[in-house]
Amino acid sequence: MAFPRVSLGAIGALLVVRLQAAFWSTIADCDETYNYWEPLHYVLQGKGLQTWEYSPEFALRSYSYLWLHGLPAKLVGLLVENNGVTIFYTIRALLAVTCALLEYRMYKVIKRKCGASIGNMWLFFQLVSPGMFISSAALLPSSFAMYITMATMADWMSRRPTAVIAVTAFSGLIGWPFAVIVNIPFVLELLIKQRKWVEFTKNAFFYGALFGVPIVLVDSYYFGKLTVAALNIVRYNIFTSHGPGLYGVEPVSFYVKNLFLNQNLALLLSLLYPVLAVLAAAIGLRGNKGSLSPLAALWKLSPLFLWLAVFAVQPHKEERFMFPVYPLFSLGAALTLGLLSSFTARFLGAKKSAFLNRPLVVIIFGVTLLLGLSRILAVCINYRAPVAVLGNLQPTARETNLCYGKEWYRFPSSFLLPAVYRVRFIPSSFTGMLPAYYQETADGSRMVHDYFNDQNIGHKHMQFELSRCDFLIDLDTGEPYEKTASEPNYSADTDTWAVVESADFLLASRSSALGRAFYLPSLSSRYSVYGRYNLLKRVLRA
């Protein structure tokens, strides 16, 4: 059966771009490493770092979510070389393919419900979005929630309410429960406009039990007691006085800057759509026959604005919190351009409208493409060193200590280390709580330790003696070595350490905002200052 050329091109482009992200994008958030890659390493390999969220007394994270990724990795491991690096990139590749397939499905639905031009523009914004590049292959519940957003939006637009309820129930129980916010407009439509209370209640209970029972059983097994992790994380973040305010408290401007970097013109175009949709309704401007009207499209886009409103007022702000609505920025941008075209055709006529719209679209697409590629390159070039320097670590005959000090939050994953290596944390200026190794026993995940707490209070158990480090990760900023400093430049202590592997790493405090944000060939070197991200080995004296 022959595939349509455009469709084949769409899925091919999506797969290529997403797989590139799987192999080249960085791990920019230590939460991804310590709350997901490390517990997954423990589940699969029997060794890994544990955070307080996985302590049975708190039980905020789900082992079922880990097995959602671990089981495919196990199956792939039966076919290919089963080492840590292979598992790491296999999982990222599977995530990338999953994202691409869901994008393709949403693309087909948008073309059918909003028109081919809207669908194609949505696809373009998706392909060049730095935010999608960063989030598409990330092992994070917020990325999983983004997949669910695309699945539920496609089902909602296709009038498949049962599928929306099923997928939402699965997502809320195994992933990130707050992601159900995206589907509040759908629920309101189903309950208020369509009055399908019985259908909603019946399906919500059925799919809640269908997915919830096995998820709770798996988590209860690992925590050693009856556990509903989704309820625990909701309780911690909403019903405790300190919950979300202990970490990452930022002003609203944090999201404004971050969203512009990750969505650029799509952000601005999306925010313009509600105004244009209301104006279109006021003058009686309708969409093409068979397509959603401007107000109907606005209603489908409403989860984006609801999400922004909810998270803007939360004190705890993280880049990953915006992942679930990234595809909706692309939809908003495509709808805005389509409506602008309709406005010009209405007031200027078809010929004059075409004369104006074509250069406008070319300019918008060109700027979006350049900003998107520049941002993607900046992230990959400026910040990939933490993964790159681990590539040449060689297995040893004994347990080997790889130490992190001020760079503790940039450790990517134990999957990238030979099996005999242990990550250790030496003292630095950070005084909060660090992860500690799981107890490597049959009941290791069920053990309660006195060094874990939910107040972000550090504990000496996590500290390791520098003198026992075999290797050390250090960012060389060019400063001299001062032994008494809380975070000395160890790379300058050549009597103790020798450089084994090194890569450039952007020094944000010394670089301009432009140099940090975008990569500009032949110009970046003028606005950026780089240090050397070093893998150091202890010098053995005769």
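Residues numbered from 1 in each chain as written. Predicted model: local features only at pLDDT ≥ 70, side-chain atom pairs only at ≥ 80, totals over all residues. Heavy atoms only, no water.

As a further point, take the overall build of the chain. Of the regular secondary structure elements, the chain holds 19 helices and seven strands. A compact globule built from 542 residues should have a C-alpha radius of gyration of about 24 Å, and the chain, at 25 Å, falls within 12% of that. Along the longest, intermediate and shortest principal axes, the C-alpha atoms of the chain span 85 × 60 × 50 Å. Taken across its 542 residues, the chain has 53% of its residues classed as buried. Taking as baseline every contact in the chain between residues at least 6 positions apart, the subset at least 24 positions apart corresponds to 76%. When the 47 basic and 32 acidic side-chain charges of the chain are each reduced to a single mean position, those positions are 16 Å apart. (Helix = DSSP H or I, 4+ residues; strand = E, 2+ residues; numbered from the N terminus. Rg over C-alpha atoms; globule rule 2.2 N^0.38 Å. Buried < 20%, exposed > 50% of the residue type's maximum accessible area, 1.4 Å probe, protein only. Contact = heavy atoms within 4.5 Å. Lys, Arg positive; Asp, Glu negative; His and termini not counted. Charge placed at Lys NZ, Arg CZ, Asp CG, Glu CD.)

Bringing unusual backbone geometry into the picture now. Notably, N264 is not glycine yet its phi reads approximately 40 degrees, a positive angle. Structurally, N264 can be placed in the loop between α12 (253-263) and α13 (265-282). The backbone of N456 shows a phi angle near 60 degrees, a positive value even though the residue is not glycine. When you line up the elements, N456 lands in the loop between β4 (436-437) and β5 (471-476). With a relative accessible area of 22%, N456 lands in the partly exposed category.

Applying the stated criterion across every chain yields a total of five cavities of 30 Å³ or more. Reported here for the largest cavity is a volume of approximately 100 Å³. Only α8 (161-174) and α11 (229-238) provide two or more residues apiece to the lining of the largest cavity. Ranked by residues supplied to the lining of the largest cavity, first place goes to α11 with three residues. (1 Å grid on protein atoms, 1.4 Å probe; cavity = no way out; pocket = protein on both sides within 12 Å on 5 of 7 lines; lining within 4 Å. Points joined across faces, edges and corners; volume = space filled by probe spheres on them.)

By definition, the strands of a sheet pair up through backbone hydrogen bonds, in either a parallel or an antiparallel sense. Pairing within the open sheet is mixed, and its five strands lie in the order β3-β2-β5-β7-β6. At either end of the open sheet lies a strand with only one pairing partner, and these are β3 (421-425) and β6 (497-506). Along the sheet, successive strands turn relative to each other by an average axial angle of 25 degrees, direction set aside. With six bridges joining them, β5 and strand β7 (residues 530-538) adopt antiparallel strand pairing. Paired with F471 across the two strands is K537, which belongs to β7. (Pairing = 2+ DSSP bridges. Axes fitted to C-alpha atoms, helices over the stretch in contact; angles between N-to-C directions.)

So, about the environment of Y34. Note that Y34 resides in helix α2 (residues 30-45). Overall, the relative accessible area of 4% leaves Y34 in the buried class. For the pair Y34 and L246, spaced 212 residues apart in the sequence, the C-alpha separation amounts to 17 Å. With near-sequence residues (within four places) excluded, Y34 lies in contact with P39, L49, T51, W408, F411, F425 and P435. From its side chain, Y34 meets the backbone oxygen of W408 in a polar contact 2.5 Å long. (Polar contact = N/O pair within 3.5 Å; in protein donor to acceptor, adjacent residues only side chain to side chain.)

Taking 1.5 Å per residue, 18 residues should reach 26 Å; α13 reaches 26 Å between its end C-alpha atoms and fits that length. Residue Y273 marks the point of greatest curvature in α13, where the axis turns by about 35 degrees; the proline P274 follows within four residues. The set of residues buried in α13 consists of L265, A266, L267, L269, S270, Y273, L276, A277 and A280. On its buried side, α13 packs onto α5 (116-127), α12, α14 (294-312), α15 (326-348) and α16 (350-383). Positive phi shows up at G284, right after α13, with a value of about 75 degrees. (Expected span 1.5 Å × (residues − 1). Bend = angle between axes of the 7 residues up to and from the residue.)

This model, assessed by the stated rule, comprises 17 salt bridges. A salt bridge links D29 to R320, with the nearest nitrogen and oxygen atoms 2.5 Å apart. Placement of the pair is D29 in the loop between α1 (5-24) and α2 and R320 in the loop between α14 and α15, with a sequence separation of 291 residues. Across this residue pair, the class does not change: D29 and R320 are buried. Residue K300 is joined to E189 by a salt bridge in which the shortest nitrogen-to-oxygen separation is 3.9 Å. With K300 in helix α14 and E189 in helix α9 (residues 184-193), the pair connects residues that are 111 residues apart, well separated along the chain. (Salt bridge = Lys/Arg side-chain N within 4 Å of Asp/Glu carboxyl O.)

What follows deals with the layout of surface pockets. By volume, the second largest pocket is sized at about 540 Å³. Lining the second largest pocket are 28 residues; nearest its centre among them are S117, I118, G338, L339 and S341. Mapped onto the lining of the second largest pocket, the elements with two or more residues apiece are α5, α14, α15 and α16. Among the elements that take part in the lining of the second largest pocket, α15 stands out by supplying seven residues, more than any other. In the lining of the second largest pocket, the residues fall into 15 nonpolar, eleven polar and two charged. (Nonpolar A, V, L, I, M, F, W, Y, C, P; charged D, E, K, R; others polar.)

Summed over all chains, the structure comprises 42 aromatic pairs. Judged by centre distance (6.3 Å) and plane angle (35 degrees), the rings of Y34 and F411 are tilted. Placement of the pair is Y34 in helix α2 and F411 in the loop between β2 (400-404) and β3, with a sequence separation of 377 residues. Overall, the relative accessible area of 1% leaves F411 in the buried class. Here Y54 and Y63 contribute two aromatic rings whose centre-to-centre distance is 5.3 Å and whose plane-to-plane angle is 70 degrees, an arrangement assigned as edge-to-face. Residue Y54 is classed as buried on the basis of its relative accessible area, which comes to 0%. By relative accessible area, which is 0% here, Y63 ends up buried. (Phe/Tyr/Trp six-rings, centres within 6.5 Å; stacked < 30°, edge-to-face > 60°.)

Grouped together as the largest cluster of nonpolar side chains are 137 residues, with contacts concentrated most on F125, L331, L390, L402 and Y404. A per-element tally of this core places helix α4 (residues 84-114) first, with 13 residues. In this structure Y404 touches L390, F411, P412, V423, R424, F425, I426, L472, I473 and Y533, once residues within four positions along its chain are discounted. (Core = buried A, V, L, I, M, F, W, Y, C linked by side-chain atoms within 4.5 Å.)

Take it as geometry only, folks, not as evidence of what the structure does.
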